[in-house]
Amino acid sequence: MSYLTQKTIKDNVLFNGVALHSGLDVNICIKPAEPNFGIVFKRVDYKENNLVYPNFMNVTNTSLNTTIENEFGVKVSTIEHLMGALFGLGIDNALIEIDNEEVPILDGSAKEFIEKIISSGLVVSEAPIKIIKINKEIKFTDGERFISIEPSTLSLDIDFELKYKNPIIGNQSNKVKVFEDDLTTVYNSRTFCLFEDIELIKKNGLAKGGSLQNAIVVKDNEILNPEGLRNNKEFVNHKILDCIGDLYTSGYRVIAKIKCSQGGHYLTNQLLRKVFENKENFSILEIKEKNLPHTLINRKLLKAIA
């Protein structure tokens, strides 16, 4: 299999589940697509004007999820875990049909998305992949929180830290090389919240579908989920999953080093907007096997760019 050509899924992949915030039952069908089609959502509960593109400029809400919206006001929300799964599996092209506004939360991670898509199989095209290469350091700050992106020769490195007063979460950090490391623990890490925040979240009309089956709930120094954590850095690993999914709203795979402290959907989106407001900040490379940049010759390092 070539690591440097575009991919799609082999067969339709179906998902059904509750939406985290609306509490509604939602169906999704991910369908194969031709090279250079990209990732496109289609709201099948609308008869027209129903295509929504997961581009950072179309992000209209970043409060507890990432929501995209087209020019006609048609939305798709909570896209970040599915987008993270597609990024991680190297899927460049897919049509995602959805019969409601919000992507189902499933188990609160990308685990089920990854497993079902892998079981479907992938189709490799002859079309070369495109990569966004960052040319200079860009930083976005919001009070004590910040996110930065800077050039990297080959990899996508994400260095993320959390700072919580809660003793269970506390200060937690992790650093991953997205194209090189085994990211199973990242993709299996679930969304989480503090018990004391649930009432306010629900007053704002959110988390109607939330439960211990799809979120980690932390109360003081106790995890309310009977099974506990899936890994000892599940909190920060979930934030890295969110970050990967939100980065895919750039449209392509990214070569860069990212550092983030106490970030989330808002910071990642603002960073992308800042990067793309100036063409000097980035380059878009079309990678063809017969004309590889010298930094991409080492195939061993490219194993997960697939």
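As a reminder, the structure under discussion sits directly above these lines.
A few words on the packing of aromatic side chains. All told, the structure shown has eight aromatic pairs when counted by the stated rule. Judged by centre distance (6.1 Å) and plane angle (5 degrees), the rings of F87 and F179 are stacked. Separated by 92 residues along the polypeptide, F87 in helix α1 (residues 80-88) and F179 in the loop between β15 (171-177) and α3 (184-187) bring together distant segments of the chain. The pair formed by F87 and F179 is uniform in burial state, with each residue classed as buried. Residues F87 and Y248 carry aromatic rings whose centres are separated by 5.2 Å and whose planes lie at 85 degrees to one another, so their mutual orientation is edge-to-face. One end of the pair, F87, is in helix α1; the other, Y248, is in the loop between α5 (234-247) and β19 (253-261), and 161 residues separate them in sequence. Here Y248 falls in the buried class, since its relative accessible area comes to 5%. Through pairs of rings, three or more aromatic residues link up here, namely F56, F276 and F282.

Here strand β14 (residues 156-163) runs beside β19; their pairing, made up of six bridges, is parallel. Bridge pairing in β19 places D157 opposite K257. Note: β14 against β15, seven bridges, orientation antiparallel. Bridging from a neighbouring strand, F160 pairs with N174 of β15.

What follows concerns the nonpolar core. I30, F41 and I158 are the most contacted members of the largest nonpolar core, which totals 76 residues. Broken down by element, this core gets its largest block of residues, seven residues, from α5. Excluding residues that lie within four positions of it along the chain, I158 makes contacts with N174, K175, V176, V178, I240, C243, I244, L247 and I258.

Take the packing of α1 against α5 next. Describing two packed helices takes the angle between their axes plus the distance from one axis to the other. Contact geometry for α1 and α5: axes closest at 7 Å, N-to-C directions at 75 degrees. For the element pair α1 / α5, the angle class is roughly perpendicular. Between α1 and α5, the contacting residues are E80, H81, M83, G84 and F87 on the first element and H238, L241, D242, I244, G245 and D246 on the second. Residues of the contact of α1 with α5, tallied by class, amount to four nonpolar, four polar and three charged.

Rules behind the numbers
Residues numbered from 1 in each chain as written. Predicted model: local features only at pLDDT ≥ 70, side-chain atom pairs only at ≥ 80, totals over all residues. Heavy atoms only, no water. Phe/Tyr/Trp six-rings, centres within 6.5 Å; stacked < 30°, edge-to-face > 60°. Helix = DSSP H or I, 4+ residues; strand = E, 2+ residues; numbered from the N terminus. Buried < 20%, exposed > 50% of the residue type's maximum accessible area, 1.4 Å probe, protein only. Pairing = 2+ DSSP bridges. Core = buried A, V, L, I, M, F, W, Y, C linked by side-chain atoms within 4.5 Å. Contact = heavy atoms within 4.5 Å. Axes fitted to C-alpha atoms, helices over the stretch in contact; angles between N-to-C directions. Parallel < 35°, antiparallel > 145°, perpendicular 65-115°, else oblique. Nonpolar A, V, L, I, M, F, W, Y, C, P; charged D, E, K, R; others polar.

Just distances and angles here, no functional claims.
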